[in-house]
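Results of the structural survey
The residues making up each chain are set out below.
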Amino acid sequence: MITIRPAKLEEAPVVGSAVCMALLDHGIEHFVEETNRRRTEDPQSASLGTCTAEDVKALFGALAAREDSQYSYRNALVAEDEQGRILGAIVGYDGALLEQLRRVFVEESRRRLGVEFNPADMGDETSPDEFYLDSLAVFPGSRGKGVGGKLLLALAERAHAAGKPAGLLCDKENVRAEALYTRIGFRYVGDRPFAGMLMRHLQLPPK
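What comes next is a walk through the structure. Note that the structure is predicted; figures quoted are calculated from it, not measured.

1. Things to note about the pattern of salt bridges
What the rule picks out here adds up to 19 salt bridges. Arg 66 serves as the salt-bridge partner of Glu 108, at 2.8 Å between the closest nitrogen and oxygen. With Glu 108 in helix H4 (residues 98-113) and Arg 66 in the loop between helix H3 (53-65) and strand S2 (76-80), this pair connects stretches of sequence that are 42 residues apart. Assessed through its relative accessible area of 4%, Glu 108 is described here as buried. We classify Arg 66 as buried; its relative accessible area is 19%.

Written as structure tokens, this is what we have:
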């Protein structure tokens, strides 16, 4: 039996790992490239050397451990089996809070990576009129068992309780993921940019 429940503080590393898995390799690579470009342009941060994928993963782990970030464990649900093993996780938040939550991301990026991200240049992956399903990951060995669908529906309940549609972005090449979203009831509503790519924007409205 699979149980969906809120994540705990001690599970922040699991949540951070799920966020990084959801970014996929190209998302991590984009973040690394952008960080290194900014370090090169700033004499103060150039001395930090080269940013790596592990640095980025450590950043998201730290953000997951905070209570006030968009990637916080408080915004996450985890799927757990009967033995207490975590099978996957999903992170989501009210889109109306994006600006507030993003300040924490900017703060941690400055402190840990030595770079300054301007929120005005980042583009909004969500909007105030939706509840954003930011990151979903089912861990290896647990896929193909319906875990992802259960996590999506559970977080969609949070969205609908807030009176908003659940929204998410899907890589245009990730046909398998979009098939899952569509099967659950998500529908394509347009494109939005994220991590240097144009993504498909899908929503699941309240019933």
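Picking up where we left off.
2. Section: the environment of Asp 191
Among the secondary structure elements, Asp 191 is positioned in strand S6 (residues 187-194). When the C-alpha atoms of Asp 191 and Tyr 181 are compared, they prove to be 15 Å apart, with 10 residues separating the residues in sequence. Contacts of Asp 191, omitting those with residues within four sequence positions, involve Lys 172, Leu 198, Met 199, Arg 200 and His 201. At 3.0 Å, the side chain of Asp 191 and the side chain of Lys 172 are in polar contact. There is a polar contact of 3.0 Å between the side chain of Asp 191 and the side chain of Tyr 188.

3. Some thoughts on the sheet that holds strand S1 (residues 3-6)
If you trace the 7 strands from one edge of the open sheet to the other, you get S1-S2-S3-S4-S5-S7-S6, paired in mixed fashion. For this open sheet the edge positions go to S1 and S6, each flanked by a neighbour on one side alone. On average, each strand axis in the sheet is inclined to that of its neighbour by 30°, with strand direction left out of account. As defined by bridge partners, strand S4 (residues 131-138) adjoins strand S5 (residues 166-170) across 2 bridges and the pair is classed as parallel. In the strand pairing of S5, Tyr 132 is matched with Gly 167.

4. Details of the packing of helix H6 (residues 147-161) against helix H7 (residues 175-184)
Between two packed helices, both the angle of their axes relative to each other and the distance between the axes serve to describe the pair. For the pair H6 and H7, interaxial distance at closest approach is 11 Å and the crossing angle is 50°. Put simply, H6 runs oblique to H7. For the crossing formed where H6 meets H7, the hand is right-handed. Listed contacts from H7 to Gly 148, Gly 149, Leu 152 and Leu 153 of H6 are Leu 180, Tyr 181 and Ile 184.

5. A few points about the packing of aromatic side chains
For the coordinates displayed, the defined rule picks out 5 aromatic pairs. The interplanar angle of 85° and the centroid separation of 5.9 Å between the aromatic rings of Phe 31 and Phe 105 together place this pair among those described as edge-to-face. You can see Phe 31 sitting in helix H1 (residues 12-41) and its partner Phe 105 sitting in helix H4, a full 74 residues away along the chain. Under the relative-accessibility criterion, Phe 31 is labelled buried at 11%. The cationic tip of Arg 200 hangs over the ring face of Tyr 188; the distance from NZ or CZ to the ring centre is 3.9 Å.

6. A short note on the environment of Leu 152
Here Leu 152 is to be found in helix H6. Among residues more than four places away in sequence, those in contact with Leu 152 are Ile 90, Leu 133, Leu 136, Leu 168, Leu 180, Tyr 181 and Ile 184.

Conventions adopted
Residues numbered from 1 in each chain as written. Predicted model: local features only at pLDDT ≥ 70, side-chain atom pairs only at ≥ 80, totals over all residues. Heavy atoms only, no water. Salt bridge = Lys/Arg side-chain N within 4 Å of Asp/Glu carboxyl O. Helix = DSSP H or I, 4+ residues; strand = E, 2+ residues; numbered from the N terminus. Buried < 20%, exposed > 50% of the residue type's maximum accessible area, 1.4 Å probe, protein only. Contact = heavy atoms within 4.5 Å. Polar contact = N/O pair within 3.5 Å; in protein donor to acceptor, adjacent residues only side chain to side chain. Pairing = 2+ DSSP bridges. Axes fitted to C-alpha atoms, helices over the stretch in contact; angles between N-to-C directions. Parallel < 35°, antiparallel > 145°, perpendicular 65-115°, else oblique. Left-handed = near helix turned anticlockwise from the far one by under 90°. Phe/Tyr/Trp six-rings, centres within 6.5 Å; stacked < 30°, edge-to-face > 60°. Lys NZ or Arg CZ within 6 Å of the ring centre and 35° of its normal.

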